[in-house]
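# Notes for the structure review
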Amino acid sequence: MKTKPRGPAPCSDRLLAAVLLIAAVAPPACGPGGLFEGERVGSGPVERTARRIGAADGAPVYRKEILTEVYTVDRIYKSMSGPMGMHRFEIDPGGGRELLWITGFQAEMVAPDGETPMSRELMCHSNLSLRPGPGFNFQFPTALQPTGGRLFTLAQGQLAIALPEGFGVPVLASQTVQIAAQVLNHNAVERPFEVRHRLSIDYVRDRDLTRPLAPLMPRAVFAMKKIEGEGGHFGVAPGDVDETVHGEGCQVGLDAGTQFPSVLKDEHGRGFSAHWVLEPGREENHTLVTRLLDLPYDTTLHYVAVHLHPFAEYVELRDLTARETVYRSRARNVPERIGLAEVESFSSVPGLPIYKDHEYEVVSVYNNTSGGRQDSMATMFLYLAAQDLDLSRYRRAGTGG
């Protein structure tokens, strides 16, 4: 099947970064004798020096833990409307331009003491991103999508990411990174209470490896509703649409209108929302995401993390050219309350083939049984094999060039 030329990426980095800002089985707590037990922790962010937790790929694995600031929950907070905060830091202060490989990211909801477990349903999201400074998102632009340097997102239903064996996301020890965390509460509270996120970043040092890790590049593709303009295929002019090639296209919808911008304009002046109003009943929405994927070459998919909202049934990445599903993530909702209990993720060492010249869409399915309007998002964070990274100058020496 012959596909139409894709042309340039249609949306600005600033708008896409803003959308991804709003754009999830938890690891066990440290418990008795845990990292923060017996220590007086204040209400602000708490950052601890990394400690060794085990070994992988012949190298020690280190874990850096951070407590976010304390948040007060005193009412219902819908998605993207609860208390939030940010914290910037270096994963290994003083490590200079040493090459590190992030292999995992985990989150727990805990009480202000940093130890007592709290409900997973209070998690809205926790994002780990690179910030401006000496980092691979600027030196290797095709490896990390220029969307604010997002590396990982955890959200309700998926509170842990563990990349498959032999893979990692490369960063420099001196690179400034940022945690952005937000609280969520869909259900009524009897009285106000306090909560915070406890976050863990797992990594290995390149100089400790007996064999190199394979670098992964994050890509984010997400469902959208068209809110203005003619036609519903993102990045494709109405006159160029071929539904046998480009699929059904987005439904018409309403932006959820939270404090975060979530509307993208494509090159044809149309507006699309990545955070839309979910009407009562069941909906199936199709979004062309080839331009968001923006592949520099054929590659393989090794991990998928997913961000959904309550009432989701599943989200799917579909290869329109091959007419087959690449991966479908199913969601399990909390019974008798509003919330997500679990969202499936994908992990594979051999990976799945992804092709530069194929067209792809995201299919999101929700069933709003609440009887009233809700809000929804459907984002798939894809971790693809990066084939254009030359990391030789950072290997072994730990000082760079």
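Scroll up to find the structure.
Notes on the structure in this doc start here.

### Describing the pairing of strand 26 (residues 378–385)
Two faces make up the sheet, and in a regular strand the side chains alternate between them. Within strand 26, eight of the eight residues are buried, which leaves the element mostly enclosed by the surrounding structure. Where strand 13 (residues 214–222) lies against strand 26, seven bridges are found, and the strand directions are antiparallel. Across the sheet, residue V221 finds its bridge partner in strand 26, namely M380.

### Examining the sheet that holds strand 24 (residues 360–368)
Pairing within the open sheet is antiparallel, and its five strands lie in the order 18-24-20-21-22. The sheet terminates laterally at strand 18 (281–288) and strand 22 (340–343), the two strands that pair on one side only. Ignoring strand direction, the axes of neighbouring strands in this sheet form an average angle of 15°. Taken together, the six bridges between strand 20 (residues 312–319) and strand 21 (residues 324–333) define a ladder with antiparallel strand orientation. Bridge assignment links E316 to a residue of strand 21, and that residue is R328.

### So, the pattern of salt bridges
Under the definition given, this model contains 23 salt bridges. Between R205 and E98 there is a salt bridge, and its shortest N-O distance comes to 3.5 Å. Taken together, the residues span a long stretch of sequence, with R205 in strand 12 (residues 193–205) and E98 in the loop between strand 5 (84–90) and strand 6 (99–110) at a distance of 107 residues. No difference in accessibility class separates R205 from E98, as the two residues are buried. Of the charged contacts, one joins R282 and E313 as a salt bridge, the two residues approaching to 2.8 Å between their closest N and O atoms.

Criteria and thresholds
- Residues numbered from 1 in each chain as written.
- Predicted model: local features only at pLDDT ≥ 70, side-chain atom pairs only at ≥ 80, totals over all residues.
- Heavy atoms only, no water.
- Buried < 20%, exposed > 50% of the residue type's maximum accessible area, 1.4 Å probe, protein only.
- Helix = DSSP H or I, 4+ residues; strand = E, 2+ residues; numbered from the N terminus.
- Pairing = 2+ DSSP bridges.
- Axes fitted to C-alpha atoms, helices over the stretch in contact; angles between N-to-C directions.
- Salt bridge = Lys/Arg side-chain N within 4 Å of Asp/Glu carboxyl O.

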